[in-house]
Every structure is written in C-alpha cells, then in structure tokens.
Amino acid sequence: MGKLQVGDKAPDFKLLNQNKEEVTLSQFKGKKVLIYFYPKAMTPGCTTQSCAVRDAVESEPAIQGIVSLGISPDAPEKQQKFIDKYSLNFDLLSDEDHSVAEAYGAWGEKSMYGKKYFGIVRSSCLIDEEGKLIGVWNPVKPNDTVPKALELL
C-alpha cells in the first residue's frame, strides 16, 4: 500500500500491547489518536521520540486528552522493558509482522552502510474522532512527532 494522506480513513488494526492485551484503533472512536512508528525500542532515536511523547502527555494540554500509541516490530516483552526504563505513560504496540506499518506506509526500503533492507520508516500520524487522518508525517525526525501534532491541535 502507498503512503496514507490527510483525509484518508486510518486503517484499523489489532495488536498486542506491552501487557499482551489486544488494542484496536476502533476502540478509540470518539477520541483523537496520535500514532508513531519507530524502528526499535531502546535505540537513541526511538528513545528521543518516545520520551518526547511521554513529556507531552504529561505537560501539553493539547495532547493530554489524546490517545498516544507507539508501534514497532518489537515483542511485547521488549516494549514493557522500554516502558519501564523510560517511565512511558502510554501503550506500545507490537507489530512483529509489520502488517500495520505496511498499511500505514511506514514500512519501506532503507539503506545503511550501502546495504539495502526493509524496515520501519519513522512516521507519525494524527487521527480525528471519526477515524480520519488529519496529519501524516512520513518520514518524521524523532524530535518532530510532538511539534507537528501540536501544530494541528
């Protein structure tokens, strides 16, 4: 699937959170949802991005009422360690087969040291109360997830 655009309906999903509980996008109908895709828990960029969302959930009035979800291919156990280490205050979801990342256009070809491979393209999106995308940032820098969401709120 190609990249999603503002105005598109956000693809629903069912993923396990850090507690191995099922989480679906549709369970948040009636609320705004900030989703960000990150490559790997405990890495520098992913930590920066996740801690920025954590801090915004605690201190930014515009984000406090929004559901925040981080999604990566990490297993639920690794997501829990990430939450514990950095006191994250929202669910991290496990997309081990990267099907949700693909549906959101956050899975693609990358390159490191001249080698090409497929992986998570750091991305984020803001979804309105009706399930429509009101903001899509693909790719996004680790420090830009929160500021870009705040611009729309």
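Structure: see above.
Reading the values: rules and limits
- Residues numbered from 1 in each chain as written.
- Predicted model: local features only at pLDDT ≥ 70, side-chain atom pairs only at ≥ 80, totals over all residues.
- Heavy atoms only, no water.
- Core = buried A, V, L, I, M, F, W, Y, C linked by side-chain atoms within 4.5 Å.
- Buried < 20%, exposed > 50% of the residue type's maximum accessible area, 1.4 Å probe, protein only.
- Helix = DSSP H or I, 4+ residues; strand = E, 2+ residues; numbered from the N terminus.
- Contact = heavy atoms within 4.5 Å.
- Salt bridge = Lys/Arg side-chain N within 4 Å of Asp/Glu carboxyl O.
- Pairing = 2+ DSSP bridges.
- Right-handed = clockwise from strand over helix to strand, strands pointing away.

(A) A look at the nonpolar core. With 22 residues, the main nonpolar core has Phe 13, Ile 35, Phe 37, Tyr 104 and Ile 127 as its most contacted residues. Of all the secondary structure elements, the ones that give two or more residues to this core are β3 (33-37), β4 (67-72), α4 (99-103) and β8 (123-127). Apart from residues lying up to four places away in sequence, Ile 35 is in contact with Phe 13, Leu 25, Leu 69, Ile 71, Tyr 104, Ser 123, Ser 124, Cys 125 and Ile 127. One finds Cys 46, Val 53, Leu 88 and Val 146 within the second-largest nonpolar core, a separate group that totals 14 residues.

(B) Summary view of unusual backbone geometry. A cis amide bond, omega 0 degrees, links Asn 138 with the succeeding residue Pro 139. One non-glycine residue, Met 42, adopts positive backbone phi at about 75 degrees. Its place among the elements puts Met 42 in the loop between β3 and α1 (44-59). Unlike most non-glycine residues, His 98 shows phi in positive territory, near 55 degrees. With respect to the secondary-structure elements, His 98 resides in the loop between β5 (91-94) and α4. Relative accessible area serves as the criterion here: at 22%, His 98 is assigned to the partly exposed category.

(C) Spotlight on the pattern of salt bridges. A complete count under the given rule lists four salt bridges for this structure. The closest approach of N and O atoms between Glu 130 and Lys 29, which form a salt bridge, is 3.9 Å. With Glu 130 in the loop between β8 and β9 (133-137) and Lys 29 in the loop between β2 (22-24) and β3, this pair connects stretches of sequence that are 101 residues apart. Neither Glu 130 nor Lys 29 differs from the other in exposure class; each is exposed. For Lys 32, the salt bridge goes to Glu 129, with nearest N and O atoms at 3.1 Å. Of this pair, Lys 32 sits in the loop between β2 and β3 while Glu 129 sits in the loop between β8 and β9, and the two are 97 residues apart along the sequence. Judged by its relative accessible area of 25%, Lys 32 is partly exposed. A residue is classified by how much of its surface remains accessible, and Glu 129, at 29% relative accessible area, is partly exposed.

(D) Highlighting the pairing of β4. A large share of β4 lies buried, amounting to six of its six residues. Alternating residues of β4 divide into Val 67, Leu 69 and Ile 71 and Ser 68, Gly 70 and Ser 72, and every residue in both groups is buried. The pairing of β3 with β4 spans five bridges and is classified as parallel. Across the sheet, the residue bridging to Ile 35 is Leu 69, located in β4. Across four bridges, the pairing between β4 and β5 is parallel. Bridge pairing links Ser 72 to Ser 94 in β5. Between the parallel elements β4 and β5, the chain passes through helix α3 (residues 76-86) in a crossover that is right-handed.

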